[in-house]
Amino acid sequence: MAELKVRRSQLLSTYGVGGLLPDENASFMVASLDQWDQGHLTPVPEPRLARALNVAALYLPSASKKTGSVSVIRFPFIQSCSKCGRLGDLARLKSAWNDPKCGFCKSPTLTPSRLIVICQDGHIDDFPYHYWVHAEYYSPDPGAHLLELKAQGRTSSLGDMVVSCSCGRKRSLADAFFPNAFGPMRCNGRRPWLGGAKFTEKNCDKKPRATQRGASNVWFPSIASVISIPPYSEALSKAVAADAGFLADPEALTPEGRVLITTAAKKYGGKYSEEEIIAEIKRLFHNDDSGTANTAQLKKQEFAALVEGREDGPGRDFVCLPVDVDPSLYPLVTGVRRVTRLREVRALFGFSRLTAPSEDNPEVKTSPLSPEDHKVPWLPAIENIGEGIFIALDRDRLEEWSRQEFVQGRLEQLTANAKAAAAQRKQQPAPVDIIKVAVHTLAHVLIDQLSMDAGYPTSSIRERLYVDDDSAGVLLFTASADSAGSLGGLAAQADTSTLANVFREGLQRLSWCSADPVCIESTGAGTDGRNLAACHNCVYLPETSCEGFNGGLDRGLLFGTPGSRDQGLFDAFASDLSGLTPSIER
């Protein structure tokens, strides 16, 4: 078998645990973490994120070509012969596992089944070809039936593919994708990425859904990320966190464990005293106030660090310098920071199928990355280095603006859309934060303009929103595992006059949309009607750039609507932002 080549970042975003990895004429599934070779993994020091995800450590997958640290299994199990059309698993086709060839016609190539079945609880299995052909005549001994899959040669659609059995029954795959295609059949609960049949979940009552093995709904990653902030971004903190395997043990703080501290001090080249190492161990691993934090608490800490700023210095991954705010941006913008260096850590903690997890759909089940009876105390993660711009906004003025009748009307429409979508799924609707919608839309406007001014593609600039009851702000940053994430082009746009021009030109350009008046008059766009005035012609961004998958956007909140031209966020501050407020001619 040829060597499988996958970038580290893809093991979190595209081909993670439980996901399907294509390889020419083969298909594999990435196995659970307990089957990975931990000896070839590199620690990623980020205690804030590790504690938030209830694990002891984070590890970077190995990039070694000589030793594979990531295990895979062959999936789908069912293969088809392109020559004789026989359908079945490798044993059925008399083929060796590591050299898939049809044992009947000696065809050099077996093709993995195009179709598989998945369910909302994250289970996955082969397409039930035997059941599909026989339905109510299903045989308890499918081994007595020989299946074939052949194309009729009329079209390239699934309706042209016919499954036939040696018993004489046959059926096309034309309606395999229908929601009730399998009738009373229920999911069998298989979780092959965890190992053998003992990890199958019993009594799953979900209906299996057929899909193509390369479809985007087969695997949605659940990823948590943080920005490294002081003191966790300091060199000593990173060094101690990287050695958490033995320094986190309470034994290290006892007189008998002093040798561990001495060994660590020597390992760090004598740059830190044993007392400094002990103090850092206590802060990182034994602080009574360092319990599990949720995403909101992590972001609150980051917001405070960004507002406070941080000068450059040796071994620092977080450098955040204050920049004077252009008078034309007052009173809405209260602070600007040039973030010349930042480190982002992203960890995969689960995945889902059929439906992606989101704030508006929190009840999506997250599938585990390791078996319940053999959970590993770590998660796969990657670290990216980059730079960006932080913009703090006046929360009090946003609160005052949000109480206007026009804004409340937009809020009522978005809330009604959320309730209607939740009712279809028989769930409770997620509350709509209208201030967050406005800040989110502004972030998209600025990213769109920065992509032209800073020289970065739009897909490489990301947003990180900080909106809660006490604060409002946005970090626009670019980060990658190589030097492209730290070229400085984005941070340079934080200059006082330069950023003012970014606001001015971005707001002027996107104050109208080529899809107007349809766009600006929309009462519900995007998934579940989470947007109002937003589309691909104006404020939508590549999904790599957006925290909310292009949900929670409304250009009308910034610029008003034809019936309320003076009620938008920037119209409301027209007396103070006269240099920035675009004219709205529709």
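Presented here is a report on the structure given in the accompanying data block.

The rules behind the values
Residues numbered from 1 in each chain as written. Predicted model: local features only at pLDDT ≥ 70, side-chain atom pairs only at ≥ 80, totals over all residues. Heavy atoms only, no water. Buried < 20%, exposed > 50% of the residue type's maximum accessible area, 1.4 Å probe, protein only. Helix = DSSP H or I, 4+ residues; strand = E, 2+ residues; numbered from the N terminus. Pairing = 2+ DSSP bridges. Salt bridge = Lys/Arg side-chain N within 4 Å of Asp/Glu carboxyl O.

1. Description of the pairing of strand β2 (residues 26-30)
Burial runs high along β2: 5 of the 5 residues are buried. Of the two faces of β2, the one carrying Ala 26, Phe 28 and Val 30 and the one carrying Ser 27 and Met 29 are both buried. Turn length for the strand β1 (residues 20-23)-β2 hairpin, with the two strands adjacent in sequence and antiparallel, is 2 residues, and the turn residue Glu 24 shows positive phi of about 50°. As paired elements, β2 and strand β5 (residues 72-74) share 3 bridges and run antiparallel to each other. Opposite Val 30, over in β5, you have Val 72 as the bridge partner.

2. Some details on the pattern of salt bridges
Pairs may arise between side chains of opposite charge once their charged atoms sit close together. The full count for this structure, using the stated rule, is 25 salt bridges. Taking the shortest distance from any N to any O, the salt bridge between Asp 312 and Arg 341 comes out at 3.3 Å. Here the residue Asp 312 occupies a position in the loop between α8 (295-308) and β16 (319-323), and Arg 341 occupies one in strand β17 (residues 333-352), the gap between them amounting to 29 residues. For Asp 312, a relative accessible area of 47% corresponds to the partly exposed category.

3. Quick look at the pairing of strand β4 (residues 57-60)
Burial along β4 is two-sided: the residues Ala 57 and Tyr 59 and Leu 58 and Leu 60 are all buried. Alignment of strand β3 (residues 42-43) against β4, held across 2 bridges, turns out to be antiparallel. Its bridge partner being in β4, Thr 42 is matched across the sheet by Leu 60. In the sheet, β4 pairs with strand β18 (residues 378-393) via 3 bridges, with the strands oriented parallel. In the strand pairing of β18, Ala 57 is matched with Trp 378.

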